[in-house]
Amino acid sequence: MDTYRALLAIILSMFILLGWQYFFAPPQQPAPAEQQQSQRADAPTVQSAPAQPAAPKPAPPSAAINPEARHIVVETPLYKAVFFEQGGGLKHFILKKYRTAQSEDAPLMELVTSENPANMPMTFTLDGGAASELPLFRAEQTSVSVTEGDQTLLMRADMGDGITIERKLTFHADNYLIGSVCTVSNSGPAAVQVTPALSMSNAPFPSGGAGKWMFSGPAVYVNQQLHELAVSDVSEAPFSGQGAIGWAAYMDSYFMLTLLPEKVSQSSTVSIAATDEKTVRTVLSEQGAELAPGASKVFEYEGYFGPKKLSYLKEVGYDLAETINFGWFDLLAKPMLLLLNFFHRIF
């Protein structure tokens with residue numbers, strides 16, 4: 001059966017490659033110099049900060065752990081997640097269907113292991129991601145079990161001066177998306193300026209799943225363009241992008257942690273900076289908003305924490321399929337990958 005599958009894959013690959021070359025591949029012609037200069041001038045505004053000699057790495061944010069903060073455990077058929085009430089971020093995230101190695105007794109794949117609440121993925125703040133003042137959320141329950149359909153978890157935080165945050169997290173039994181809807185309200189006597197942000201700090205996953213020919217590290221999708229960033233690059237100069245932010249992720253060959261704004265806005269900003277030789281910090285922030293007395297504003301996000309499987313990513317949407325990038329062969333390789341997965345399910 002394995003030999004039959006391999007032979008079928010080779011024949012299909014050759015057929016698709018020859019057919020694509022014959023019917024669809026356009027002739028390669030160098031663009032005129034004037035056209036190349038015009039294309040560079042019209043490119044979307046996404047850039048790294050100017051290089052500076054021997055600039056020190058930004059210190060990662062740190063917060064003293066609040067002893068009143070509790071752990072909130074969420075179980076679904078696909079994963080086990082542990083949220084921390086201080087900052088509302090993920091302290092642990094364990095995939096139930098994947099292991100760190102092919103051995104049956106290998107540990108389950110854990111994508112998040114974070115001890116400092118200022119660095120946990122999906123931490124929500126009102127200071128643009130500086131994490132200088134973490135909200136202390138109080139959850140309505142300390143455990144959530146999702147066996148089918150969807151379940152929600154409500155968390156509330158009092159920031160003082162009449163500012164409150166109500167956060168609703170939504171979990172699904174059949175996918176790896178986590179919804180986050182944050183309603184910020186001002187019941188105080190004066191207007192208040194807030195800059196909402198979702199942040200995470202990441203280091204390589206414990207599986208060592210960084211393939212030699214596949215990208216591993218931070219990546220963003222801005223203005224319909226994919227930007228894969230080497231940690232060494234954002235060590236020298238932090239990356240900053242503004243415009244239509246599709247998503248911001250940290251990935252290896254097989255898994256990814258992703259922050260997604262629910263609604264694409266031209267005023268969103270994403271920044272990525274290295275805090276040491278292996279760790280990068282990603283901040284997805286909104287334009288500052290003024291809350292008048294008695295006013296409220298809703299900020300919606302989603303997180304995808306799971307496998308980089310093309311069929312999953314296409315089903316989720318948000319252009320997450322762009323995280324699987326085959327370079328020049330992308331147009332050909334993705335249909336081939338879907339076709340091979342189809343035959344794999346049949347045979």
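Check the entry above for the structure.
Presented here is a report on the structure given in the accompanying data block. (Residues numbered from 1 in each chain as written. Predicted model: local features only at pLDDT ≥ 70, side-chain atom pairs only at ≥ 80, totals over all residues. Heavy atoms only, no water.)

A look at the overall build of the chain
Here is step 1: Along the backbone of the chain there are 5 helices and 22 strands.
Here is step 2: Of the accessible surface of the chain, which amounts to about 18,200 Å², a share of 54% is contributed by carbon and sulfur atoms. (Helix = DSSP H or I, 4+ residues; strand = E, 2+ residues; numbered from the N terminus. Areas by Shrake-Rupley, 256 points an atom, 1.4 Å probe, with all protein chains shown as cover.)

Describing unusual backbone geometry
Here is step 1: Notably, alanine 131 is not glycine yet its phi reads approximately 60°, a positive angle.
Here is step 2: Of note, alanine 131 is situated in the loop between strand E6 (123-125) and strand E7 (138-139).

Here's the deal with the sheet that holds strand E11 (residues 177-186)
Here is step 1: Pairing is antiparallel across the open sheet formed by 9 strands, whose spatial order is E7-E9-E10-E11-E22-E18-E17-E14-E15. Strand pairing shows two members of the sheet lacking a second neighbour, E7 and strand E15 (225-228), which therefore form its edges.
Here is step 2: The sheet contact formed by strand E17 (residues 245-251) and strand E18 (residues 255-261) spans 4 bridges and is antiparallel. Residue alanine 248 lies in a different strand from E18, and its bridge partner there is leucine 259. (Pairing = 2+ DSSP bridges.)

Topic: the packing of aromatic side chains
Here is step 1: In total, this model carries 10 aromatic pairs according to the counting rule given.
Here is step 2: Note on tyrosine 176 and tyrosine 304: the rings are 6.1 Å apart at their centroids and 70° apart in plane angle, and the pair reads as edge-to-face. Of this pair, tyrosine 176 sits in the loop between strand E10 (163-172) and E11 while tyrosine 304 sits in strand E22 (residues 296-307); the two residues are 128 residues apart in sequence, bridging distant segments of the chain.
Here is step 3: Assessed through its relative accessible area of 1%, tyrosine 304 is described here as buried.
Here is step 4: Relative to tyrosine 312, the ring of tyrosine 176 has its centre 6.0 Å away and its plane inclined at 45°; by these criteria the two rings are tilted. Placement of tyrosine 176 in the loop between E10 and E11 and of tyrosine 312 in helix H4 (residues 310-316) is noted, with a sequence separation of 136 residues between them.
Here is step 5: For tyrosine 176, a relative accessible area of 3% corresponds to the buried category.
Here is step 6: Its relative accessible area of 28% is what places tyrosine 312 among the partly exposed residues. (Phe/Tyr/Trp six-rings, centres within 6.5 Å; stacked < 30°, edge-to-face > 60°. Buried < 20%, exposed > 50% of the residue type's maximum accessible area, 1.4 Å probe, protein only.)

Notes on the sheet that holds strand E2 (residues 71-75)
Here is step 1: If you trace the 5 strands from one edge of the open sheet to the other, you get E5-E4-E3-E2-E8, paired in mixed fashion. Of all the strands in the sheet, just strand E5 (108-113) and strand E8 (143-145) have a single pairing partner and so form its edges. With strand direction ignored, the average angle separating the axes of adjacent strands in the sheet is 10°.
Here is step 2: The pairing of strand E3 (residues 79-84) with strand E4 (residues 90-99) spans 5 bridges and is classified as antiparallel. If you follow valine 82 over to E4, its bridge partner there is histidine 92. (Axes fitted to C-alpha atoms, helices over the stretch in contact; angles between N-to-C directions.)

Some remarks on the side chain of serine 268
Here is step 1: Counting through the fold element by element, serine 268 comes out in strand E19 (residues 268-274).
Here is step 2: When near neighbours in sequence (up to four residues on either side) are disregarded, serine 268 contacts Gly241, Gln242, Gly243, Ile245, Ser285 and Glu286. (Contact = heavy atoms within 4.5 Å.)

Remarks on the environment of alanine 248
Here is step 1: Here alanine 248 lies in strand E17.
Here is step 2: Sequence-wise, alanine 248 and threonine 282 are 34 residues apart; in three dimensions their C-alpha atoms are separated by 7.5 Å.

So, the pattern of salt bridges
Here is step 1: Within this structure, the stated rule accounts for 6 salt bridges.
Here is step 2: Put simply, glutamate 85 and arginine 138 hold a salt bridge, and the shortest N to O gap is 3.1 Å. In this pair, glutamate 85 sits in the loop between E3 and E4 while arginine 138 sits in strand E7, placing the two residues 53 residues apart along the sequence.
Here is step 3: Exposure remark for glutamate 85: the relative accessible area of 0% places this residue in the buried category.
Here is step 4: Two residues, lysine 91 and glutamate 115, come together in a salt bridge whose shortest N-O distance is 3.8 Å. Of the two residues, lysine 91 is situated in strand E4 and glutamate 115 in the loop between E5 and E6; the sequence distance between them amounts to 24 residues.
Here is step 5: Classification of lysine 91 as buried rests on a relative accessible area of 13%.
Here is step 6: On the basis of relative accessibility, which here comes to 52%, the residue glutamate 115 falls in the exposed class.
Here is step 7: In this structure, a network of salt bridges that share partners links the residues Arg70, Glu85 and Arg138. (Salt bridge = Lys/Arg side-chain N within 4 Å of Asp/Glu carboxyl O.)

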